Amino acid sequence: MPASSNETKSKIATGPNAPGVPKTDPIIIADNVTRHFGGLMAVDVEHLEIQRGIITALIGPNGAGKTTLFNLLSGFDSPNSGKWSFDGTALAGIPSFKVSQMGQVRTFQLTKALSMLSVLENMKLGAKGQSGERLWSSILPWTWRKQDDEIEAKAMDLLARFKLDTKADDFAASLSGGQRKLLEMARALMSDPSLIMLDEPMAGVNPALTESLLEHIVDLKKHGMSVLFVEHDMQMVSHIADWVVVMAEGKVVAEGPPSAVMKDPAVIDAYLGSHQGTDLGVVTGRIDLPDLSKSKGSK
Amino acid sequence: MVTAQGFWSLIKRPALLLFAMLVASLALASLAISPAHADETNTDKYDYIFSGNVKYNDEPLEGVQLLVDGNGYSAEVVTDEKGHWEVGVPEKAKYNITLVESTLPKGVIVAPDEEGRITISEKGATVEAEFGLTKDKSVNFFLGEGVRKVTPFIDRLMGSIMNGLNFGLMLALASIGLSLIYGTTGIAIFSHAEMVTLGAVGAFFFSVFLGWPIWIGIPLALILSAAAGYTQDMAIWRPLRKRGLSIVQLMIVSIGFSLALRYLFQFFIGGGTTLLPTNPDTTSKLNILGPIHLSIVDMVSMAISIVVLAAVAFWLLYTRTGKATRAINDNESLSAASGIDVDKVVRLVWVLGSVLAGLSGVLWAYFRPGIKWDMGWQLLLLIFAAVVLGGLGTAFGALVGSIIIGLLVELTPLWLSADIKYVGALVVLIVVLLFRPQGLLGKKERVG
Amino acid sequence: MDFLGILSQTASWILRPETIAYALATMGLAVHFGYGGLLNFGQAGFMLIGGYGYAISILSLGWPWWAGILVGIGASIIFAFILGLPTLRLRADYLAIATIALAEALRLIVQSTMLDDVTNSADGLGGYHEGFRSANPFPPGTYGFGPWTYNEAELWIRVFGLILLGLAIWGVWALMRSPWGRVLRGIREDEDAVRALGKNVFAYKMQSLIIGGILGTLGGVVLVLPSAVVPQVYLPSLTFFLWTILLLGGAATIWGPVLGTVIFWIVYSFLGLFLPEMVNAGWIPGVTPSQMGVVRFILVGVALMLIVIFRPQGILGDKRELSFNARK
């Protein structure tokens, strides 16, 4: 186990690696959040904190309630009970667009690129506080032209970073699946969020693009953002995440640094046993691959 | 469902406020048109004046109400202690003058005259009056002893309830069809209205145009409806689904189809109303029990509706295809994955839905009574209201919603003008969407 | 058959108050559906509000004609709120059902004898023209040529209508090229995505409903300027004609509604004159002229189906910028 990983761990949690362990600087705190659909309890989280400034992965098998929790945290769904807050502000009853304005921006599992808008228009839509988006000033172009040019410049910068600048004037519909994922991420960055929540950013992306997607996610942290992402491929998670939260059947069953979580028997039981794919290779070189032969053997 | 319950909490207050304002303004509007009570109305405003004295056995009657209306003008007046009244009217023309009998003392009515100038209605006795050479005209009613033949309220209430149930049941036939089609295909299908008309027009074609007996004509009309449902799915809806048209596109196609069919009916049967063959013995009301009066047609119609609805319920609950239909309703891709032939079930639903609509058209043609090219269209919004009230896409919700809408429509005229009896149903639709968009029996997750 | 007469009559429909009114109301539908993805099937209700708001303000309240227009606009904003508050947070088809139902309820109410004093029930309203006509800047005389020959009153109605239409076209163009329009088009594509970007989707949809409704109301005013307010005009069929026009011209285009309206009226009036003439000329045996008059309504329905199936983007639309969305 490399030393860096232990250092990170000591900075993140204030206690032993157990579900609900308090963090040193949490950006999201959830308490007793439950959501049921009919008789099915989709989410039942007693306590969860997400640390600021790191990459946190939310993993778990299909149907574990990851996306539902995501929807609850981002205001797209309301829980049946519980309290949760973002950056110290309680979020109960706050509509999703306000949550987003507070600096918590999300993406979706099924990419929501706005197909019939150009790539550049998609990007510009992401910017916050545009005076031209108000009805009365919208018909007076001189009130928003300058700001719109600034937004466009920023959008082009970001597009260049995501290697989409040559596609700026194309309809988003003409992009490939992976490029749409990139566009969605870039669009979310237009608002300078403090927390970016990515719902399965790697789903349906071809392997060549996966690598650059992972790099971009790591990059987000370098730019000072907190990242929370849903993924069910543990291998990919272990490359880039500083902290892993494992859900199963609506509950948080384990959390900790990737290496520790992967050794947790509860996690192996609930999840890992059936989900070992091939490795993509070390992308960031930051964390050594954990030795999985033992867990394989224990199965 | 992810759509913003948060928004709702934000807008709830303004929404309620708005509704309160709406209700208040309606109330104000009704106040504004209520009459000023006086023995002289508008006599200083207009030159032409009707007047009269209301007396019974030479005793003047005070507080008797009279209504004057005609030529876009209406006024009310109440007699003074001498039994005198005067009303000014704007034009030298014919007006209807009505003495409101309920304001006469008990046991006193307006005596019918030999020439039959007086018409007795629920409101009272009405005469037509016209000015002669002068600007004044006196109008007097002859009062006599007698009992007003006004149906007691309880009788009218029971009559309306029975009518409402009957109407609600036939509405349910059409609504369940629409709801099943919506549940399995996701399309709110506007041309369902024309399937209602088709049933009635079919019965008309076989039994009036060809002159065959009605007991052959109606089954043939239903077979025609079934064929129409089958052909529609084969020729239009299934190919378009395969073509990848969106739900909204399909809905608009159904609107175009509805328009085309409706005017096609008008092309063939014209713009008027025609009747199905009936027999006075079967349409006259019989005393059933206490204040309940039903005709044989009413009873047969209700019996048919109940039996057919029970059969549909049995089919949905206990047969394999019925269960498959409900499964597709809940989750189409899951059903397809678990081996249900979705296309086959959808076609069956089209046939069944069209037959049910056709049957409701035939029954409604007796209830209205009459067949008209746009009769189904008149029913469509009530069908939508019933289906939304019960829960869009739920078959049993459609049944409950239809009964409630049927009762509402038939009970409205007891208190309000009969020409707005459909309005209540449409207002219910909006209120349901505001407070319980999933409907009475719908699941909350469906609407988002 | 007087073919030249028919052609001349048909040509006059290019510039009639009805044409301008339909174009305005269809612009409103473009703001609703073409740009915002809102399924408003109650545009006839907004037009009714325009017509009745205008006439009642003048007849019952004695207000000047321009105040009548403002009353219509105010009433249509309230109507948009009543429609939008319950439905804009629900799936698209709920708005469709609610709009058609409320528009129809409105028509039944104004037609009802309960409000006879104000609306004159089924007979409709007339005789409110004095104010508008006295504001006519054109001196008495004959203007124009051929099928487009007008007296000063007819000219004034057309010029006024065209001014409104011009303003509407400019306004919609200015809105849709702005960041506001960008958000609205984004909502049409996927409202959750736009919501996740911090936009108040509900407010934008409501604004779109109100703006399109106001355009419908102005169309309603222009429609009643020449003669009378007739309640039987505001049937759901009127709304569906507008939809046919919208989809014919191109839902998400600035000029589509205008082009669609002109084509619609030319074909519609031509068929209205030509079809009965065909019967009179003995070309179609066994059919009466009035039956033949119905045929054009059937054709509108068929046209609507064919456009939606085969050219949903309309004449002017870009196939890629389609207002129909598979997810809705």
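Residues numbered from 1 in each chain as written. Chains lettered and ligands numbered in written order. Predicted model: local features only at pLDDT ≥ 70, side-chain atom pairs only at ≥ 80, totals over all residues. Heavy atoms only, no water.

*Asks:* Which parts of the structure should I look at to understand the overall build of chain C?
*Replies:* When you go through chain C residue by residue, the secondary structure sums to 14 helices and two strands. Counting only residues that meet the buried cut, chain C has 65% of its 328 residues in that class. Looking at chain C alone, contacts between residues at least 24 apart form 76% of all its contacts between residues at least 6 apart. In the form shown here, chain C has an accessible surface area of approximately 10,900 Å², with 69% of it arising from carbon and sulfur atoms. (Helix = DSSP H or I, 4+ residues; strand = E, 2+ residues; numbered from the N terminus. Buried < 20%, exposed > 50% of the residue type's maximum accessible area, 1.4 Å probe, protein only. Contact = heavy atoms within 4.5 Å. Areas by Shrake-Rupley, 256 points an atom, 1.4 Å probe, with all protein chains shown as cover.)

*Asks:* What am I meant to see in the overall build of chain A here?
*Replies:* Summing up its helical and strand segments, chain A has 12 helices and 10 strands in all. Buried residues in chain A amount to 54% of all 299 residues. Considering only residue pairs separated by 6 or more positions, chain A has 69% of its internal contacts joining residues 24 or more positions apart. Surface summary for chain A: the accessible area is close to 12,200 Å², and the carbon and sulfur share equals 53%.

*Asks:* Looking at this model, I keep getting lost on the environment of alanine 248 of chain A. Mind explaining?
*Replies:* Residues and elements named next belong to chain A. You can see alanine 248 is positioned in strand 9 (residues 243-248). When its relative accessible area of 13% is taken as the criterion, alanine 248 is described as buried. Along the sequence, alanine 248 and glycine 65 sit 183 residues apart, while their C-alpha atoms lie 7.3 Å from each other.

*Asks:* Which parts of the structure should I look at to understand the sheet that holds strand 8 (residues 226-230) of chain A?
*Replies:* Residue and element names in this part refer to chain A. Taken together, six strands build an open sheet; the order of strands is 6-7-8-3-9-10 and the sheet is mixed. Among the strands making up the open sheet, the edge pair consists of strand 6 (104-106) and strand 10 (251-256). Neighbour to neighbour, the strand axes of the sheet diverge by 20° on average, direction disregarded. Across five bridges, the pairing between strand 7 (residues 195-199) and strand 8 is parallel. Along strand 8, the bridge assignment pairs aspartate 199 with valine 230. Across the sheet, helix 7 (residues 177-189) is in contact with strand 6 and strand 7; its angle to strand 7 comes to roughly 160°. (Pairing = 2+ DSSP bridges. Axes fitted to C-alpha atoms, helices over the stretch in contact; angles between N-to-C directions.)

*Asks:* Even after reading the chapter, I still don't get the nonpolar core, so can you show me in this structure?
*Replies:* If you look at the biggest cluster of nonpolar residues, it comprises 221 residues, and the most contacted ones within it are Phe190 of chain B together with Phe41 and Tyr54 of chain C. In terms of nonpolar packing, the next biggest core, distinct from the first, is built from 49 residues, Ile151, Met185, Ala186 and Met236 of chain A among them. (Core = buried A, V, L, I, M, F, W, Y, C linked by side-chain atoms within 4.5 Å.)

*Asks:* Even after reading the chapter, I still don't get the interface of chain B and chain C, so can you show me in this structure?
*Replies:* How big an interface is tends to be reported as the loss of accessible area on association of its parts. With 58 residues of chain B in contact, the opposing surface of chain C contributes 62 residues. Around 5,400 Å² of area is buried between chain B and chain C when both sides are counted, 77% of it from carbon and sulfur atoms. The interface formed by chain B and chain C includes zero salt bridges. Scanning the region where chain B abuts chain C turns up seven residue pairs in polar contact (both at pLDDT 80 or more). At 17 residues, helix 5 (residues 247-269) of chain B tops the list of elements feeding residues into the side of chain B that touches chain C. (Buried area = accessible area lost by both parts, 1.4 Å probe. Salt bridge = Lys/Arg side-chain N within 4 Å of Asp/Glu carboxyl O. Polar contact = N/O pair within 3.5 Å; in protein donor to acceptor, adjacent residues only side chain to side chain.)

*Asks:* What's the story with the packing of aromatic side chains in this structure? I'm lost.
*Replies:* One pair of aromatic rings is described through two measures. These are the centre distance and the angle between the planes. Residue and element names in this part refer to chain C. Applying the stated rule across the entire model yields 47 aromatic pairs over all chains. The interplanar angle of 85° and the centroid separation of 5.1 Å between the aromatic rings of tryptophan 65 and phenylalanine 132 together place this pair among those described as edge-to-face. Of the two residues, tryptophan 65 sits in helix 4 (residues 65-87) while phenylalanine 132 sits in helix 7 (residues 130-134), which places them 67 residues apart along the sequence. On the accessibility criterion, tryptophan 65 (15% relative accessible area) is buried. What makes phenylalanine 132 buried here is its relative accessible area of 2%. Centroid distance phenylalanine 132 to phenylalanine 160: 5.3 Å. Interplanar angle 75°. Geometry classified as edge-to-face. (Phe/Tyr/Trp six-rings, centres within 6.5 Å; stacked < 30°, edge-to-face > 60°.)

*Asks:* It is not clear to me how the pairing of strand 8 (residues 95-100) of chain B should be interpreted in this structure. Could you clarify?
*Replies:* As a general feature of sheets, a regular strand has side chains that alternate between the two faces. Residue and element names in this part refer to chain B. Burial of strand 8 is extensive: five of the six residues sit out of reach of the surface. Of the strand pairs in this sheet, strand 8 and strand 11 (residues 124-129) are connected by six bridges, and their pairing is antiparallel. For asparagine 96, the partnering residue across the bridge sits in strand 11 and is glutamate 128.

*Asks:* What exactly am I supposed to notice about the pattern of salt bridges here?
*Replies:* If the charged atoms of two oppositely charged side chains come close together, the side chains can form a pair. Evaluation of the coordinates by the stated rule reveals 32 salt bridges over all chains. Among the ionic pairs, aspartate 199 of chain A bridges to arginine 106 of chain A, the shortest N-O distance being 3.8 Å. Taken together, the positions of aspartate 199 of chain A in strand 7 and arginine 106 of chain A in strand 6 put the pair 93 residues apart, joining distant regions of the chain. Across this residue pair, the class does not change: aspartate 199 of chain A and arginine 106 of chain A are buried. Among the charged side chains, a salt-bridge network with shared partners connects Asp233, Arg238, Arg241, Lys242, Asp343 and Arg347 of chain B.

*Asks:* Sorry if this is basic, but what is going on with the sheet that holds strand 12 (residues 136-138) of chain B here?
*Replies:* Strand pairing in a sheet is mediated by backbone hydrogen bonds. Such pairs are either parallel or antiparallel. All names here are of chain B. Overall, mixed pairing links the four strands, which are arranged 1-7-2-12 in an open sheet. Where the open sheet ends on each side, the last strands, each with one partner, are strand 1 (40-41) and strand 12. Where strand 2 (residues 48-53) lies against strand 7 (residues 84-89), six bridges are found, and the strand directions are antiparallel. For asparagine 53, the partnering residue across the bridge sits in strand 7 and is histidine 84.

*Asks:* Would you take a moment to explain unusual backbone geometry for this structure?
*Replies:* One can expect most non-glycine residues to show negative phi and most peptide bonds to be in trans. Residue arginine 368 of chain B is joined to proline 369 of chain B through a cis peptide bond whose omega torsion reads -5°. In the Ramachandran plot, asparagine 32 of chain A falls in the positive-phi region, its phi being about 50° despite a non-glycine side chain. You will see that glutamate 249 of chain A, though not glycine, has its phi angle at about 50°, which is positive. Among the secondary structure elements, glutamate 249 of chain A is positioned in the loop between strand 9 and strand 10.

*Asks:* So what exactly am I meant to see when it comes to the pairing of strand 7 of chain A here?
*Replies:* Residue and element names in this part refer to chain A. Counting buried positions along strand 7 yields five of five residues, so the element is predominantly enclosed. On strand 7, burial covers both faces: Leu195, Met197 and Asp199 on one face and Ile196 and Leu198 on the other are all buried. Bridge count between strand 6 and strand 7: three bridges; the pairing is parallel. Counted as the bridge partner of arginine 106 is methionine 197 from strand 7.

*Asks:* Honestly, the packing of helix 4 (residues 214-243) of chain B against helix 5 of chain B in this entry has me stumped. Any pointers?
*Replies:* When two helices pack together, their arrangement is given by the angle between the helix axes and by the axis-to-axis distance. All names here are of chain B. Two numbers describe how helix 4 lies on helix 5: the axes approach to 11 Å, and their chain directions differ by 150°. Relative to helix 5, helix 4 is oriented roughly antiparallel. Crossing of helix 4 against helix 5: the hand is right-handed. Together, Gln232, Ile236, Trp237, Leu240 and Arg241 of helix 4 and Leu250, Val253, Ser254 and Phe257 of helix 5 make up the contact between the two elements. (Parallel < 35°, antiparallel > 145°, perpendicular 65-115°, else oblique. Left-handed = near helix turned anticlockwise from the far one by under 90°.)

*Asks:* I tried to follow the environment of alanine 93 of chain B on my own but got confused; where do I start?
*Replies:* All names here are of chain B. Inspection of the secondary structure puts alanine 93 in the loop between strand 7 and strand 8. Here alanine 93 falls in the buried class, since its relative accessible area comes to 18%. Separated by 36 residues in the primary sequence, alanine 93 and alanine 129 have C-alpha atoms spaced 8.4 Å apart. Beyond its immediate stretch of four places on either side in the chain, alanine 93 contacts Asn71, Ala129, Glu130 and Phe131.

*Asks:* Which parts of the structure should I look at to understand a nonpolar patch on the surface?
*Replies:* Where nonpolar side chains cluster on the molecular surface, the patch consists of Phe314, Leu317, Tyr318, Phe396, Val400, Ile404, Leu440 and Leu441 of chain B and spans about 710 Å² of accessible area. Mapped by element, the contributors of at least two residues to the nonpolar patch are helix 7 (296-318) and helix 12 (395-415) of chain B. (Patch = residues over 30% accessible without salt bridge, like charges linked within 9 Å, V, L, I, M, F, W, Y side chains within 5 Å.)

*Asks:* It is not clear to me how helix 2 (residues 66-73) of chain A should be interpreted in this structure. Could you clarify?
*Replies:* Side chains that are three or four residues apart share a direction in an α-helix, a result of its 3.6 residues per turn. All names here are of chain A. Buried residues dominate helix 2, accounting for seven of its eight residues. Lys66, Thr68, Leu69, Phe70, Asn71, Leu72 and Leu73 are the residues of helix 2 that are buried. In the stretch just after helix 2, glycine 75 is the one whose phi turns positive, near 80°.

*Asks:* How should the packing of helix 3 (residues 43-59) of chain C against helix 5 (residues 92-111) of chain C be read in this particular structure?
*Replies:* Residue and element names in this part refer to chain C. Closest axis-to-axis distance for the helix 3/helix 5 pair is 8 Å, and the angle between their directions is 35°. For the pair helix 3 and helix 5, contact is made by Gly45, Leu48, Ile49 and Tyr52 and by Ala103, Leu106, Arg107 and Val110, respectively. For the contact of helix 3 with helix 5, the class distribution of residues is six nonpolar, one polar and one charged. (Nonpolar A, V, L, I, M, F, W, Y, C, P; charged D, E, K, R; others polar.)

*Asks:* Whenever I open this one, the side chain of aspartate 199 of chain A confuses me. Can you help?
*Replies:* All names here are of chain A. Residue classification places aspartate 199 among the buried residues on the basis of a relative accessible area of 1%. Only 3.4 Å separates the side chain of aspartate 199 from the side chain of threonine 67, close enough to count as a polar contact. Non-local contacts of aspartate 199, meaning those with residues more than four positions away in its chain, are made with Thr67, Phe70, Arg106, Thr107, Phe108, Gln109, Lys181 and Val230.

That is the geometry; function is a separate question.
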